[in-house]
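Residue-level listing of the chains:
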Amino acid sequence: MATIRTENVALKVADGTSMNAYVASPEGNAKAPGLLVFQEAFGVNAHIRDIADRFAKQGYVAIAPELFHRTGPGFEGQYSNFPACMPHMQALTPDGLIADAQAAFDWLQKNPRALPNATASIGFCMGGRVSFLGNSTLPLKAAVSFYGGGIVPALLPSAARQHGPVLFFWGALDSHIPKEHPRAIVDAMQEAKKLYVNVEFSDADHGFFCDARPSYKETAAKQAWELTLKFLETYVK
């Protein structure tokens, strides 16, 4: 497992705003694939930074942009206080998120440590939706979406525009996402003849991958991690 370096970078977004991002990458000069890491509603917090670090140890240049930069730069919410996150979430727009994803993608393409044309995305909760959205506008090699809420109905047409294969994770105990939504997404992917893998853990709830949340499910999280690594290795590395 690689030793890593971490840094904070400032990115210029097409709408004229400035967006900070957390970056974790393998030490050394060898080029590595890039990975966009999209946050939950709680910001680029310790959990999201840890995920970026974990991927850097696996040989990726991982960048986690602060998607709330327009309304709350540096925001880190508490898992016990979701209402504090709502104003920032409600201020997000698809166009703004696409611009943010583009800025992070462009940074990777220009970074001497990242391989060009070898970038994927991963996102959690709100970020799962952004990963799906980003894969519809950027030439990504693959995308991973953990319990991505809000895709149905507004972003469902994006299924036809997915560039790389998509790995979806859901928890069957998740009351935040209506059960018909994952089915609608899968149907749209099938209709568009897009490559995907759809995984549902029968004993997992929303947020099962996050070990800082009460809904953390260790067995599902460990299996999802191994599946994600293999999926990215197949399509990106």
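In the block above lies the structure referred to throughout.
First things first, this report covers the structure right here in the doc. (Residues numbered from 1 in each chain as written. Predicted model: local features only at pLDDT ≥ 70, side-chain atom pairs only at ≥ 80, totals over all residues. Heavy atoms only, no water.)

1. Comments concerning the pairing of strand E1 (residues 4–12)
Across 9 bridges, the pairing between E1 and strand E2 (residues 18–26) is antiparallel. Of the residues in E2, the one forming a bridge with Ala 10 is Asn 20. Turn length for the E1-E2 hairpin, with the two strands adjacent in sequence and antiparallel, is 5 residues, and the turn residue Gly 16 shows positive phi of about 95°. (Pairing = 2+ DSSP bridges. Helix = DSSP H or I, 4+ residues; strand = E, 2+ residues; numbered from the N terminus.)

2. Focus: the sheet that holds strand E5 (residues 114–124)
The strand order across the open sheet formed by 8 strands is E1-E2-E4-E3-E5-E6-E7-E8, and the pairing between neighbours is mixed. The open sheet is flanked by E1 and strand E8 (196–201), the only strands paired with a single partner. Geometrically, the sheet is characterised by an average inter-axis angle of 20° between neighbouring strands, direction not taken into account. Across 6 bridges, strand E3 (residues 32–38) lies against E5 in parallel orientation. Across the sheet, Val 37 pairs through a bridge with Ile 122, a residue of E5. Across the sheet, helix H6 (residues 218–235) lies against E3, E5, strand E6 (142–146), strand E7 (166–171) and E8, angled at about 165° from E6, the strand it touches most. (Axes fitted to C-alpha atoms, helices over the stretch in contact; angles between N-to-C directions. Contact = heavy atoms within 4.5 Å.)

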